[in-house]
Amino acid sequence: MEKTYLMVKPDGVQRHLIGKLVQRFEEKGFQLIGAKMFRLTREQAEYHYEEHKDKPFFGELVAFITSGPVFGMVWQGDNIVALSRAMMGKTNPLDAAPGTIRGDYALNTGNNIIHGSDSPQSADREISNFFRPEELMTGDYPVGLPLNTVTDKVIPV
Ligand code: GTP
Ligand code: MG
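Values in this document were obtained by computation on a predicted structure and should not be read as measured data. (Residues numbered from 1 in each chain as written. Chains lettered and ligands numbered in written order. Predicted model: local features only at pLDDT ≥ 70, side-chain atom pairs only at ≥ 80, totals over all residues.)

### With respect to the site of ligand 1
Then, number 1: Taken together, F57, E60, L61, T91, T109, G110, N112, H115, G116 and D118 form the complete shell of residues around ligand 1.
Then, number 2: Of all the secondary-structure elements, those providing two or more residues to the shell around ligand 1 are helix 4 (58–65) and strand 4 (114–116).
Then, number 3: Here the shell around ligand 1 is built from residues that sort into 2 nonpolar, 6 polar and 2 charged. (Near = placed C-beta within 6 Å. Helix = DSSP H or I, 4+ residues; strand = E, 2+ residues; numbered from the N terminus. Nonpolar A, V, L, I, M, F, W, Y, C, P; charged D, E, K, R; others polar.)

So, in structure tokens, the structure goes:
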């Protein structure tokens, strides 16, 4: 099953958007397999945004993403990388269509509410930067049915 790393950035957390954003991905039908509130270390932030290290906004980007708590999540589902990025909308909110997360909630590129991995390879790299394997659910589980987190078995209803 394809996985992705989604992260409510410090602006989204401060604006109390965690619940609304989780709801969008749950309602789409994706499965949440791990989540936590935490603050990125400088090392985690520099590694996460390594591809941008030569860009003029790199310092600002690292300062922003380490400025407060984030809500990091691992989700799985068919084609989740491409589908979740479509749900997030374009990086610059000026280009993000209404109905997308950034189209609905963001006003500028620096504060664009949410991060999502741009490929399955990036997802693996990002997940291992923020989560230990034992923090993630393993296997598949039917959406909508309660799961015993110790046995990984669906609890009969
Ligand atoms: P992420 O999911 O956050 O990785 O966004 P993205 O994949 O849509 O965009 P990209 O990876 O190209 O850029 C990473 C992040 O850098 C963006 O989400 C922005 O927050 C930030 N960023 C990109 N361009 C600029 C810029 O010109 N100025 C500032 N301040 N930030 C930028
Ligand atoms: Mg990116």
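### Side note on the nonpolar core
Then, number 1: Counting 29 residues, the largest nonpolar core has Y5, M7, W75, I101 and I114 as its most contacted members.
Then, number 2: Residue assignment for this core shows that the elements contributing at least two residues are strand 1 (3–8), helix 2 (18–28), strand 3 (70–76), helix 5 (80–88), helix 6 (101–105) and helix 7 (120–130).
Then, number 3: Looking at which element gives the most residues to this core, the answer is strand 3, with 5 residues.
Then, number 4: Non-local contacts of M7, meaning those with residues more than four positions away in its chain, are made with V70, F71, G72, M73, I114 and H115. (Core = buried A, V, L, I, M, F, W, Y, C linked by C-beta atoms within 7 Å. Buried ≥ 20, exposed ≤ 12 C-beta atoms within 10 Å, placed from the backbone. Contact = placed C-beta atoms within 7 Å.)

### Things to note about helix 7
Then, number 1: Within the span of helix 7, buried status applies to A123, E126, I127 and F130. Along helix 7, the residues classed as buried sweep out an arc of 105 degrees about the axis, all on the same side. Opposite the buried face of helix 7, at more than 90 degrees from it, the exposed residues are Q121 and S128.
Then, number 2: Turning to helix 7, the residues buried within the fold contact strand 1, helix 3 (42–48), strand 3 and helix 5. (Arc of directions from axis to C-beta.)

### Thoughts on the UniProt feature "domain: Nucleoside diphosphate kinase-like" (unreviewed entry) in the chain
Then, number 1: The feature "domain: Nucleoside diphosphate kinase-like" (unreviewed entry), as given by UniProt, occupies residues 1–138 in the numbering adopted here.
Then, number 2: Taken end to end, residues 1–138 comprises 41% helix and 17% strand; its first and last C-alpha atoms sit 11 Å apart. (UniProt positions renumbered as here; feature names shortened; annotations may be inferred.)

### Here we look at the confidence of the model for the chain
Then, number 1: The predicted model of the chain has a mean per-residue pLDDT of 93, with 89% of residues at 70 or higher.
Then, number 2: The ipTM assigned to the predicted complex is 0.92, against a pTM of 0.90. (pLDDT = per-residue confidence, 0-100.)

### Here we look at the environment of K28
Then, number 1: Looking at the element boundaries, K28 is found in helix 2.
Then, number 2: K28 sits in the partly exposed class, given 14 other C-beta atoms within 10 Å.
Then, number 3: Along the sequence, K28 and S117 sit 89 residues apart, while their C-alpha atoms lie 17 Å from each other.

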